[in-house]
Amino acid sequence: MSVTDSAWIDATLTSARPQAVGALLRYFRNLDTAEEAFQNACLRALKSWPQNGPPRDPAAWLIMVGRNVAIDEVRRNKKQQPLPDDDQAISDLDDAEDELAERLDGSHYRDDILRLLFICCHKDLPATQQIALALRIVSGLTVKQIARAFVVSEAAMEQRITRAKARVADADVPFETPGAVERSERLASVAAMIYLIFNEGYSASGDTAEIRSPLCEEAIRLARLLLRLFQSEPEIMGLTALLLLQHARAEARFDADGQVILLDDQDRSLWNQKLIAEGAALIDKAMRHRRSGPYQVQAAIAALHARAEKPEDTDWTQIDLLYGALEVMQPSPVITLNRAVAVSKVKGPEAALEMIEPLAPRLANYFHYFGVRGAFLMQLGRNEEARVAFDRAIALANTTAEAAHIRMHIDRLMRDSQPRNVKAK
């Protein structure tokens with residue numbers, strides 16, 4: 001097998017995984033059985049496809065082979081008559097999967113994938129288990145890869161995934177095709193789960209940023225998959241656009257030492273223009289539907305940042321208005337805190353500080369609140385109060401990179417407070 005053939009097969013198996021596992025789950029109604037059936041089908045594909053060429057519909061081929069092998073295994077375990085040999089059941093030379101492919105149209109794939117994604121984000125599962133299960137079952141990442149991304153041991157991650165599967169089994173999740181209302185509810189849950197996966201990667205910094213970056217890429221892949229299933233849904237366009245526009249800045253967000261670089265200080269030549277163009281086109285298309293939602297508004301904000309060639313070109317007035325709309329859709333102290341940054345650019349730090357003061361009780365343990373508050377106070381020359389806020393931010397820092405960033409502000413305060421033009425004695 002050539003390197004090219006190997007790469008093509010790997011890419012095809014990865015792409016077909018959600019459809020195939022989703023269909024196998026519908027047949028066997030058990031996550032472990034469906035996953036094992038798919039793995040066995042992949043092993044057959046690695047043997048068969050290099051010799052006989054790829055099938056017309058790889059997903060249908062994998063479903064049929066995986067189903068037959070799994071049924072064979074079940075019958076053997078029950079000491080019943082086994083199925084005919086695989087060579088008789090599946091022809092590698094002819095398109096023996098044609099009959100199945102005829103029945104597996106786009107609607108079958110859509111419902112199977114949506115069901116699979118929904119099961120992974122079942123309401124009974126904690127967010128961490130939802131993400132881990134989706135990365136294992138839908139994306140096919142190994143336990144080792146997922147554990148590395150979450151900076152936990154393989155044993156701990158294995159236990160997390162096992163518990164998630166057990167809870168899904170205990171919940172007796174229905175496998176019938178969802179109706180229109182339920183599909184809409186599932187779509188919102190799936191979108192939220194994909195957004196959580198992205199944030200797990202995007203929020204990393206310092207030593208973990210490179211390790212967890214693949215989570216961002218996987219979330220984008222899943223969002224694109226969801227968009228193919230629901231091509232006219234503006235909120236899925238908005239979600240995909242948001243992830244693309246945020247990830248476009250990945251190369252510029254940290255310096256060589258892993259320290260955070262704020263948006264205004266980033267080298268914009270490092271921003272990925274291809275991702276920005278794709279994201280901007282998507283959000284423009286979504287807005288034309290005139291059915292705005294939180295993902296679209298966040299993507300529109302990200303697009304305004306991405307389109308500014310220089311920090312001073314940023315349309316902060318429009319960003320303030322968009323955050324105002326987002327506050328109405330999703331009232332949250334964190335959204336108000338983000339809006340305050342835009343207000344500081346438009347109306348000055350005093351107005352921004354006045355906006356965030358009422359948030360203190362609800363954000364008493366939130367690192368970014370004290371970092372932003374300290375920055376506003378420093379701009380107003382209230383250095384002692386700024387120092388108190390920055391000290392609190394360091395105490396709440398989640399990573400060494402966050403703490404180091406705040407330390408830079410404190411060092412600046414100390415330099416500014418030093419008496420000047422004092423002669424050495």
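Predicted model only: the values in this text are computed from it and were never measured. (Residues numbered from 1 in each chain as written. Predicted model: local features only at pLDDT ≥ 70, side-chain atom pairs only at ≥ 80, totals over all residues. Heavy atoms only, no water.)

## A few points about the side chain of R268
Inclusion rule: Think of it this way: any DSSP run of H or I at least four residues long counts as a helix, any run of E at least two long counts as a strand, and we number them from the N terminus. Think of it in three bands: with a 1.4 Å probe and only protein chains considered, a residue is buried below 20% of the maximum accessible area for its type, exposed above 50%, and partly exposed in between. When charges are counted, Lys and Arg contribute as positive and Asp and Glu as negative, whereas His and the chain ends are disregarded. Within this document, salt bridges are pairs made up of a side-chain nitrogen of Lys or Arg and a carboxyl oxygen of Asp or Glu, the two lying within 4 Å of each other. A contact between two residues is defined here by any heavy atoms of the two lying within 4.5 Å.
Among the secondary structure elements, R268 is positioned in the loop between α12 (234-247) and α13 (273-287). Despite being buried, R268 has no salt bridge partner; D264 is the closest side chain of opposite charge, sitting 4.1 Å away. Once residues within four sequence positions are removed from consideration, R268 is found in contact with L263, Q273, H305, A308, E309, K310, P311 and T314.

## Comments concerning the nonpolar core
Where a protein is soluble and globular, its nonpolar side chains tend to be buried together. Condition: By convention a nonpolar core is built from buried Ala, Val, Leu, Ile, Met, Phe, Trp, Tyr and Cys residues, the set being connected through side-chain atoms within 4.5 Å.
Ranked by internal contacts, the top residues of the largest apolar core, which has 100 residues, are L62, L133, I194, I197 and L226. Counting residues per element, this core draws most heavily on helix α11 (residues 209-229), which supplies 10 residues. The next biggest cluster of nonpolar side chains, apart from the first, holds 23 residues, and it includes L337, A340, A386 and I410.

## What to know about the packing of aromatic side chains
Spelled out, the test is: Any Phe, Tyr or Trp ring, taking Trp's six-membered ring, that has another such ring centre within 6.5 Å forms a pair; planes under 30 degrees apart are called stacked, those over 60 apart edge-to-face, and the others tilted. Criterion for a charge above a ring: Arg CZ or Lys NZ at most 6 Å from the ring centre, at most 35 degrees from the ring normal.
Taken as a whole and judged by the stated rule, the model has 5 aromatic pairs. Summarising the aromatic geometry, the rings of F198 and Y202 are spaced 5.5 Å apart at their centres and angled 20° between planes, so their arrangement reads as stacked. Residue F198 and its partner Y202 are both found in helix α10 (residues 180-202); the two are separated by 4 residues, about one turn of the helix. The same class applies to F198 and to Y202, which are both buried. On the basis of an interplanar angle of 85° and a centroid distance of 5.0 Å, the ring pair of Y369 and F370 is categorised as edge-to-face. For the pair Y369 and F370, one class covers both residues: buried. Ring pairs connect the aromatic residues W8, W49 and W61, which therefore count as one cluster. Its end group placed over the ring of Y27, R67 keeps NZ or CZ at 5.0 Å from the ring centre. Note that R253 overlies the ring of Y202, its terminal NZ or CZ placed 3.8 Å from the centroid.

## As for the environment of K285
Here K285 shows up in helix α13. Overall, K285 belongs to the partly exposed group, its relative accessible area being 39%. It is 9.6 Å that separates the C-alpha atoms of K285 and S232, two residues lying 53 residues apart in sequence.

## Comments concerning unusual backbone geometry
Notably, R29 is not glycine yet its phi reads approximately 55°, a positive angle. Assessed through its relative accessible area of 53%, R29 is described here as exposed. Positive phi, normally seen in glycine, also occurs at R290, with a value near 55°. Relative to the elements of secondary structure, R290 occurs in the loop between α13 and α14 (294-307).

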